[in-house]
Amino acid sequence: MAQMRDKRRSLDEAVAGIESGMTIGLGGWGSRRKPMALVRALLRTDVTDLTVVGFLGPDLGLLISAGKVKRAYYGFVSLDSKPFYDPWFAKARTEGTIESREMDEGMVKAGLQAAAARLPFMPIRAGLGSSVPEFWGEELKTVESPYPAADGRTETLLAMPALELDAALVHLDIADEHGNAAYTGVDPYFDDLHLMSARQRILSADTIVSTEELVDSVPQQALLVNRMMVDTVSEAANGAHFTFAGGYGRDEAFQRHYAASAKDPEAWKTFAETYLSGDEADYQAAVARFTQEQKEQQA
Amino acid sequence: MTDNDVTRAEYCAVACAEMFSGAGEIMASPMATLPSIGARLARLTSEPDLLITDGNALILADTPALGRPGKVEGWLPFSKVFDVVASGRRHVVMGANQLDKYGNQNISAFGPLDKPTRQMFGVRGGPGNAINHATSYWVGKHSARVFSEQVDVVCGVGYDKADPDNPAYRFLNNYRVVSNLGVFDYSGPGRTMHALSLHPGVTAEQVRENTSFEIDGLDAAGPTREPSAEELRLIREVIDPKSLRDREVAQ
């Protein structure tokens, strides 16, 4: 009997199809269930000039730290807890080294919805009257409703363009080898929309189990992602670190260490050598040492 | 209990609660401690139908103390929050790094758009909040820097930005501003900031010194309403027993 495809790949194999100049969407929200292991895999490539789309946080920050980002489409960039502002994003913005397509959070969703539905745009009120259009130059247009309002006047709305992605990177808590996957936390974020808006659909998960075990381990409504939305699935235990996922909290001490290190070139050099010079296993081992040192200092 | 016992933070809590008066069965989205106390106080007094969340994806069935878990009555992940925003059944209380006399708000960055001098979060949900439903602001430290003549990035949309010929602006509702000095709305000339009340102990001169534009009705503004004994009990014993309010507003 013919077998369903096994989509398991290493993290490095999963991102091998991403090329310089591509547009990538990153799942999760702020510093929550971010595809950090996949981002770290991207840091090991020589890809540059990426356009990054999403509800962004330190995932964007790390890509900026490695000089890989040309442009970002975002509603916000947040670490969600102290010190809140991502230092690499702040540095890139204040030095003017990335192009910003800043927008209302709802516009990000609308743009992904348009792309997922293969529509050119989605009408939305959010953004009208604000500085958002100034971030976009000629790229953002308005659209007049073809339907008159009740009072006979015509409504003009923003025409949020489809955020078509060359690749989407998302991290879920549990998956099977075919790319079915579930979240075990409280919020799905927009990971399904990212996948449906992308040509290359790249999933990582903390654990990969049999389909039967996957389905038995979660409420069926948590099966956010099915296999027709996914091209590759990579096992990455603790793969959202230092952001949180369904199975573990945010590593606040490490996030503060990340943010503090970014403030100083020497400190960042040490950070990058310690955590970002090897593969994912090296990273997780270095994080374990960091955590152990923290414990010893507190004791 | 005598009048003198009431702290500035407690006046702010009552002023924040009153922002939700008459709101009915909508989602309250307070983004800081004092508005969170206000939403809970409103729910425990005049607005029992108000929906409050745990700050993440869960709607709370009861009204727990700040920071405490509570029984859950519903689920509202971010994607559904955006749907609620567009539907209008929400009143958000945001902070502001800059806020001008028309209610233009900035939480994005200071300086030019393409190369700011200081970068904060980005516009977040400000543009969508302001143009879709009731939007109020809470400022814990009223200063001329926050209450600025102009804002560098328009996130929340001020009344001067509304296009009267475009019905898409019909839901714009910059409802109220509460600061550590007073309570304001936008009923001044040309829909500019108007003083509704100043907290006891605050002078018009003090507000003037800490605001970069003229506030309508400042000299005529009376004192902010005093909390009732029951409101004080709810604030102190039920909603904020750890006095988190005092960290946001100095006495």
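Residues numbered from 1 in each chain as written. Chains lettered and ligands numbered in written order. Predicted model: local features only at pLDDT ≥ 70, side-chain atom pairs only at ≥ 80, totals over all residues. Heavy atoms only, no water.

J.: Looking at this structure, I do not really get the overall build of chain B. What am I missing?
T.: A tally of regular secondary structure across chain B gives seven helices and 13 strands. Compactness check: chain B gives a C-alpha radius of gyration of 18 Å against a globular reference of 18 Å for 251 residues, within 12% of the reference. With the C-alpha coordinates of chain B rotated into their principal frame, the extents come out at 45 × 45 × 35 Å. Across the 251 residues of chain B, 57% fall into the buried class. Once local pairs closer than 6 in sequence are excluded, the contacts in chain B between residues at least 24 apart make up 65%. Within the structure as shown, chain B displays about 10300 Å² of accessible surface, and the carbon and sulfur contribution to it stands at 48%. Positive and negative charge centroids in chain B, built from 25 and 31 side chains respectively, lie 6 Å apart. (Helix = DSSP H or I, 4+ residues; strand = E, 2+ residues; numbered from the N terminus. Rg over C-alpha atoms; globule rule 2.2 N^0.38 Å. Buried < 20%, exposed > 50% of the residue type's maximum accessible area, 1.4 Å probe, protein only. Contact = heavy atoms within 4.5 Å. Areas by Shrake-Rupley, 256 points an atom, 1.4 Å probe, with all protein chains shown as cover. Lys, Arg positive; Asp, Glu negative; His and termini not counted. Charge placed at Lys NZ, Arg CZ, Asp CG, Glu CD.)

J.: What's the story with the interface of chain B and chain A in this structure? I'm lost.
T.: How big an interface is tends to be expressed through the accessible area that disappears when the partners come together. Chain B puts 44 residues into the contact, and the matching count from chain A is 43 residues. Where chain B abuts chain A, roughly 3500 Å² becomes buried across the two surfaces, and 57% of that area is made up of carbon and sulfur atoms. Inspection of the region where chain B meets chain A yields three salt bridges. Between Glu155 of chain A and Arg170 of chain B there is a salt bridge whose closest N-O contact spans 3.1 Å. The interface formed by chain B and chain A contains 21 residue pairs in polar contact (both at pLDDT 80 or more). Looking at the side of chain B that touches chain A, the elements that each hand over two or more residues are helix H3 (78-87), strand E8 (118-119) and helix H4 (126-132) of chain B. Across the side of chain B that touches chain A, the residue classes tally to 24 nonpolar, 12 polar and eight charged. (Buried area = accessible area lost by both parts, 1.4 Å probe. Salt bridge = Lys/Arg side-chain N within 4 Å of Asp/Glu carboxyl O. Polar contact = N/O pair within 3.5 Å; in protein donor to acceptor, adjacent residues only side chain to side chain. Nonpolar A, V, L, I, M, F, W, Y, C, P; charged D, E, K, R; others polar.)

J.: Got a minute to help me understand the sheet that holds strand E7 (residues 156-161) of chain A in this structure?
T.: Residue and element names in this part refer to chain A. Taken together, three strands build an open sheet; the order of strands is E5-E7-E6 and the sheet is antiparallel. Either end of the sheet is taken by a strand with one partner, and the two such strands are strand E5 (121-124) and strand E6 (141-144). Strand-to-strand, the axes of this sheet are offset by a mean angle of 40 degrees, without reference to chain direction. Note that E6 and E7 share four bridges and pair antiparallel. From the neighbouring strand, Thr142 faces E7, where its bridge partner is Leu158. (Pairing = 2+ DSSP bridges. Axes fitted to C-alpha atoms, helices over the stretch in contact; angles between N-to-C directions.)

J.: Which parts of the structure should I look at to understand H3 of chain B?
T.: Turn by turn, an α-helix covers 3.6 residues, leaving residues three or four places apart pointing in a common direction. Listed as buried for H3 of chain B are Phe78, Ser79, Val81, Phe82, Val84 and Val85 of chain B. Close packing links the buried residues of H3 of chain B with strand E2 (50-56) and helix H5 (105-116) of chain A together with strand E1 (27-30), strand E4 (90-94) and H4 of chain B.

J.: Is there a simple way to explain helix H2 (residues 36-43) of chain A in this structure?
T.: With eight of eight residues buried, H2 of chain A lies mostly within the body of the structure. Burial in H2 of chain A covers these residues: Met36, Ala37, Leu38, Val39, Arg40, Ala41, Leu42 and Leu43 of chain A.

J.: I would appreciate a short explanation of the sheet that holds strand E13 (residues 222-223) of chain B in the present structure.
T.: Across a sheet, paired strands are connected by hydrogen bonds in the backbone, their directions being either parallel or antiparallel. Residue and element names in this part refer to chain B. Strand order in the open sheet formed by seven strands is E1-E4-E9-E10-E11-E12-E13, and the pairing between neighbours is mixed. Every other strand in the sheet has two partners, leaving E1 and E13 as the edge strands with one partner each. Of the pairings in the sheet, the one linking strand E9 (residues 134-139) to strand E10 (residues 173-179) comprises five bridges and is parallel in character. By the bridge assignment for E10, Trp138 is matched with Val178.

J.: Is there a simple way to explain the environment of Arg125 of chain A in this structure?
T.: With respect to the secondary-structure elements, Arg125 of chain A resides in the loop between E5 and helix H6 (132-136). Separated by 115 residues in sequence, Arg125 of chain A and Ser10 of chain A place their C-alpha atoms 42 Å apart. Aside from chain neighbours lying at most four places away, what touches Arg125 of chain A is Glu155 and Leu157 of chain A together with Ala86, Ile131, Asn132, Ala168 and Phe171 of chain B. A polar side-chain atom of Arg125 of chain A sits 3.0 Å from the main-chain carbonyl oxygen of Ala86 of chain B.

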